[in-house]
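This is what each chain is made of:
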Amino acid sequence: MIIPRSHLAAFAAALVLSCSKKESQQEQGVAPPPVESSKPGACAAGGGKVKDPVSAKFFPRTADTYCVDPNGETRSYGKEATGTLDTVCTEQFDGECEVYKSYGLSRVVTLRYIDGEGSPGSVNVNLSRFDSPEGAYGFFTKRVVADSDPLENAPKPLEAGTAAALGTGVAYVWRADYVAELSYANELEAPEQLAKSSARVLPPLAKGLGENLPGQSVQLPAVQRLPTAERIAMGVSYAASDVLGIAGVGHGAMGFYQSGPKRYRVIAIVRPDDAGAGDVYKTLRKVEGAKGLKTLPFDAVAFDQQSGEDGPKLSWVVGRKGNTLLGVGDEEFVATGGDDSAGKLLSKTEKEEKLKALLESASTTPDQK
């Protein structure tokens, strides 16, 4: 059939008019599609089932008004899972995958919780398993402290698992080999309301997960050695490889502290026996410019480290007693290298006094893993 030329012209004009109307609507702002909400009563049957036999018992089916999404999908990656760790890199972690792997990632499970009262609120959960508690806790502190000052940016402590933290819209839970990351979302809430809602929704779910995760709920030996007095809330970082970046030192904990106007850090390294701790001490003695301290009643060494090529020098004093090494050093966030940082850092004498008090109190051996 041949379409008359006049009809073609009319069709073209209508098409142009339709496009013009669409462009005009876009410029004026067309109402977006409605935000998807769960149906009231969606959790009445007790929530959905976690379709991963390895981890199903770890996830509470309900927490407050929230439950596992009955229509949601459980995805698993890694050991004894349907997907590979390479797949989780592309589907879940994007550019952060190498961070997870650097701490010994071995398995991941993801799922979603919805609000049984019918709001569009939801909680996505990533449960990661690592090769060791040291790797898992190291990743947990990377999430909590990262590379920022915990005095300014750390999330709040949360009672869940062995250690947990609550931020705006997020929560982190650590226990043994596992770290759970929980993220709350609600497209209808402004930032201030979202913060309030997440502070209500996330803690019950985080607590339930923390109770169900397997493994001992006990702090790592090095973290047990960090003093609690003057420690900044959530101010603990854990190096799963080499503390202070010194090759051969191995894993250990670092705490962030404040004493009046002064800031400082403490490191703790615990080894299974005295000989292992002695090897670490020998490694520290080999740091360029390191000097032994004869003024202290135990093996002690002082050395400087530079924070980057242009950063200030950070001074440390480290001592050993039995299977434990403790060290007191400068806080990088206030060590500018100029005169203005003098009143914000401990003097060498103050560091030695603190180190002596800490090691003299280290009379018992913390639990080993």
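Just so we're clear, the structure is a prediction, and the values are computed from it rather than from any experiment.

### As for unusual backbone geometry
Part 1 of the reasoning: Residues other than glycine seldom take positive phi values, yet Glu80 does so here, at roughly 55°.
Part 2 of the reasoning: Position of Glu80 among the secondary structure elements: in the loop between strand 3 (75-78) and helix 2 (85-93).
Part 3 of the reasoning: Unusually for a residue other than glycine, Glu230 sits at a positive phi of about 70°.
Part 4 of the reasoning: Secondary-structure assignment places Glu230 in the loop between helix 7 (221-225) and strand 10 (231-239).

### A short note on the side chain of Arg143
Part 1 of the reasoning: Along the polypeptide, Arg143 turns up in helix 4 (residues 133-144).
Part 2 of the reasoning: Its relative accessible area of 18% is what places Arg143 among the buried residues.
Part 3 of the reasoning: A polar contact of 2.9 Å, which involves the side chain of Arg143, links it to the side chain of Glu96.
Part 4 of the reasoning: With residues near it in sequence (within four places) discarded, Arg143 still touches Glu96, Tyr100, Tyr172 and Glu181.

### Here we look at the nonpolar core
Part 1 of the reasoning: Of all hydrophobic cores here, the largest spans 70 residues; its most connected members are Tyr137, Phe140 and Phe303.
Part 2 of the reasoning: Sorting elements by how many residues they give to this core places strand 12 (residues 262-270) first, with six residues.
Part 3 of the reasoning: If near-sequence neighbours (up to four positions away) are discounted, Phe303 is found in contact with Leu244, Ile246, Leu284, Val287, Ala290, Leu314, Ser315, Trp316 and Val318.
Part 4 of the reasoning: Formed by 29 residues, the second largest nonpolar core is a distinct cluster that contains Ala63, Ala160, Ala171 and Leu194.

### A few points about the pairing of strand 14 (residues 299-306)
Part 1 of the reasoning: Pairing of strand 13 (residues 291-292) with strand 14, which is carried by two bridges, proceeds in the antiparallel orientation. Bridging from a neighbouring strand, Lys291 pairs with Ala302 of strand 14.
Part 2 of the reasoning: Connecting strand 13 to the next strand, strand 14, in antiparallel fashion are six residues.
Part 3 of the reasoning: Sheet analysis places strand 14 next to strand 15 (residues 313-321), joined by eight bridges and oriented antiparallel. Counted as the bridge partner of Val301 is Val318 from strand 15.
Part 4 of the reasoning: Linking two consecutive strands that pair antiparallel, namely strand 14 and strand 15, is a turn of six residues; a positive phi of about 75° is found at Gly308 within it.

### A few points about the packing of aromatic side chains
Part 1 of the reasoning: Evaluated as defined, the whole model comprises nine aromatic pairs.
Part 2 of the reasoning: Relative to Phe139, the ring of Tyr103 has its centre 6.0 Å away and its plane inclined at 70°; by these criteria the two rings are edge-to-face. Here Tyr103 is found in the loop between helix 3 (97-102) and strand 4 (105-115), whereas its partner Phe139 is found in helix 4, with 36 residues between them in sequence.
Part 3 of the reasoning: Assessed through its relative accessible area of 19%, Tyr103 is described here as buried.
Part 4 of the reasoning: Among the aromatic residues, ring-to-ring pairing joins Phe93, Tyr100, Tyr103, Phe130 and Phe139 into one connected group.

### Looking at helix 4
Part 1 of the reasoning: Taking 1.5 Å of rise per residue, 12 residues should cover 16 Å, and helix 4 covers 16 Å from first to last C-alpha, within 8% of that figure.
Part 2 of the reasoning: For helix 4, the tally of buried residues reaches 11 of 12 residues, placing the bulk of the element in the interior.
Part 3 of the reasoning: Those residues of helix 4 not exposed but buried are Pro133, Glu134, Gly135, Ala136, Tyr137, Gly138, Phe139, Phe140, Thr141, Arg143 and Val144.
Part 4 of the reasoning: Taken from the residues just after helix 4, Ala146 is the one with a positive phi, measuring 55°.

Conventions and cut-offs
- Residues numbered from 1 in each chain as written.
- Predicted model: local features only at pLDDT ≥ 70, side-chain atom pairs only at ≥ 80, totals over all residues.
- Heavy atoms only, no water.
- Helix = DSSP H or I, 4+ residues; strand = E, 2+ residues; numbered from the N terminus.
- Buried < 20%, exposed > 50% of the residue type's maximum accessible area, 1.4 Å probe, protein only.
- Polar contact = N/O pair within 3.5 Å; in protein donor to acceptor, adjacent residues only side chain to side chain.
- Contact = heavy atoms within 4.5 Å.
- Core = buried A, V, L, I, M, F, W, Y, C linked by side-chain atoms within 4.5 Å.
- Pairing = 2+ DSSP bridges.
- Phe/Tyr/Trp six-rings, centres within 6.5 Å; stacked < 30°, edge-to-face > 60°.
- Expected span 1.5 Å × (residues − 1).

Everything listed is a geometric property; what it means functionally is a separate question.
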